[in-house]
Amino acid sequence: MKTNLLIFGTKNFNNSLNEIKEDLGFSFIYFDPSKSLNGLIPSISGVLVDFQACENNAVLPVINKIYNKPILLLHNQNSSTKCKFDDKISMPVNFLELKSKIINLITAYKFNKNSSIIIKNYTLDKNEKKLKQGKISITITEKEVQLIELLFIENKPLSKKLILNKIWNYSDAADTHTVETHIYRLRKKILDKFDDENFIINSKLGYSL
């Protein structure tokens, strides 16, 4: 899949990127202040920012509103910026170093995005199988991870039968206490550690977060 980068740069910066475009192997989308970014963001793998572009008062607010995309800042050692960024690299830089930096940043971002989810004031760490709140955490099972993630993604009350089907692959006709048992144990863990009775809510419509 082609890596698309959203570029915030000066005219000279953009021209320099175009000269090494083939060597980098990325597709560049240059910021156009006359167009909305809303339709572009889903197709973007990362954002590349020239520190000089951050001096533009029309550009700075746009960059600082971007979320869920990794931002790499190119700067010189004496520069300061109000732009937000996830990593930075000093110029001058050769294209191999720049390419490696971009790939590593995007890879790390994808890993972190896939391995953890922010839910309410908790972090669900799927790799460590832990539910965290600040420095406090509880260890949970793989099924409990799947249960929390399912309720989070669906973002609506789910019936016992639907949960059974999604997580345990039970038929609609199955009649077990599997869901109730797992939710009871999970809620008890959360109550004992976090004193939270409302992480998982049970209503007439089903279970939800």
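Predicted model only: the values in this text are computed from it and were never measured.

Comments concerning helix 6 (residues 160-168)
Reasoning step 1: Those residues of helix 6 that fall on the buried side of the exposure criterion are Ile163, Leu164, Ile167 and Trp168. Buried residues in helix 6, looked at end-on, bunch into an arc of 100 degrees, giving them a common side.

Quick word on the packing of aromatic side chains
Reasoning step 1: Enumeration over the complete set of coordinates arrives at 4 aromatic pairs.
Reasoning step 2: For the ring pair Tyr122 and Phe194, a centre distance of 5.1 Å and an interplane angle of 80 degrees mean the geometry is edge-to-face. A residue pair is termed long-range when its members are at least 10 positions apart, and Tyr122 in strand 7 (residues 122-125) and Phe194 in helix 7 (residues 178-194) qualify at 72 residues.
Reasoning step 3: For Phe194, a relative accessible area of 10% gives the class buried.
Reasoning step 4: Aromatic rings pair up to connect Tyr122, Phe194 and Phe199 into one cluster.

Comments concerning the pairing of strand 1 (residues 4-8)
Reasoning step 1: With 5 of 5 residues buried, strand 1 lies mostly within the body of the structure.
Reasoning step 2: Of the strand pairs in this sheet, strand 1 and strand 2 (residues 27-30) are connected by 4 bridges, and their pairing is parallel. In the sheet register, Leu6 faces strand 2, and the bridge partner there is Ile29.
Reasoning step 3: By the bridge criterion, 4 bridges tie strand 1 to strand 3 (residues 46-50) in an arrangement that is parallel. Among the inter-strand pairings, Ile7 is bridged to a residue of strand 3, identified as Leu48.

Overview of the side chain of Ser115
Reasoning step 1: Within the secondary structure, Ser115 is located in helix 4 (residues 95-115).
Reasoning step 2: Other than its neighbours up to four places away in sequence, Ser115 contacts Leu124, Asp125, Lys126 and Asn127.

Some points on the packing of helix 5 (residues 142-154) against helix 7
Reasoning step 1: Relative orientation of the contacting elements helix 5 and helix 7 amounts to 90 degrees, with a least axis distance of 11 Å. Of the possible angle classes, the one that applies to helix 5 and helix 7 is roughly perpendicular. For the pair helix 5 and helix 7, contact is made by Lys143, Glu144, Leu147 and Ile148 and by His182, Ile183, Arg185, Leu186 and Lys189, respectively.
Reasoning step 2: Its residues assigned to classes, the contact of helix 5 with helix 7 comprises 4 nonpolar, 1 polar and 4 charged.

Re the side chain of His75
Reasoning step 1: Looking at where His75 falls in the secondary structure, it is placed in strand 4 (residues 71-75).
Reasoning step 2: A distance of 3.4 Å separates a polar atom in the side chain of His75 from a polar atom in the side chain of Ser90.
Reasoning step 3: With residues near it in sequence (within four places) discarded, His75 still touches Phe51, Lys88, Ile89, Ser90 and Met91.

Quick look at the pattern of salt bridges
Reasoning step 1: Tallied over the entire structure, the rule returns 8 salt bridges.
Reasoning step 2: Its salt-bridge partner being Glu149, residue Lys126 comes within 2.9 Å of it at the nearest N-O pair. Here the residue Lys126 occupies a position in the loop between strand 7 and strand 8 (130-133), and Glu149 occupies one in helix 5, the gap between them amounting to 23 residues.
Reasoning step 3: For the salt bridge of Glu142 with Lys129, the shortest nitrogen-to-oxygen distance reads 3.3 Å.

Details of the state of the cysteines
Reasoning step 1: Taken as a whole and assessed by the stated rule, the structure comprises 1 disulfide.
Reasoning step 2: Sulfur-sulfur distance for the disulfide between Cys54 and Cys83 comes to 1.8 Å. Since a negative S-S torsion denotes a left-handed disulfide, the Cys54-Cys83 link at about -120 degrees is left-handed. One end of the pair, Cys54, is in the loop between strand 3 and helix 3 (60-64); the other, Cys83, is in the loop between strand 4 and strand 5 (87-90), with 29 residues separating them in the sequence.

What counts, and where the lines are drawn
Residues numbered from 1 in each chain as written. Predicted model: local features only at pLDDT ≥ 70, side-chain atom pairs only at ≥ 80, totals over all residues. Heavy atoms only, no water. Buried < 20%, exposed > 50% of the residue type's maximum accessible area, 1.4 Å probe, protein only. Helix = DSSP H or I, 4+ residues; strand = E, 2+ residues; numbered from the N terminus. Arc of directions from axis to C-beta. Phe/Tyr/Trp six-rings, centres within 6.5 Å; stacked < 30°, edge-to-face > 60°. Pairing = 2+ DSSP bridges. Contact = heavy atoms within 4.5 Å. Axes fitted to C-alpha atoms, helices over the stretch in contact; angles between N-to-C directions. Parallel < 35°, antiparallel > 145°, perpendicular 65-115°, else oblique. Nonpolar A, V, L, I, M, F, W, Y, C, P; charged D, E, K, R; others polar. Polar contact = N/O pair within 3.5 Å; in protein donor to acceptor, adjacent residues only side chain to side chain. Salt bridge = Lys/Arg side-chain N within 4 Å of Asp/Glu carboxyl O. Disulfide = S-S within 2.5 Å.

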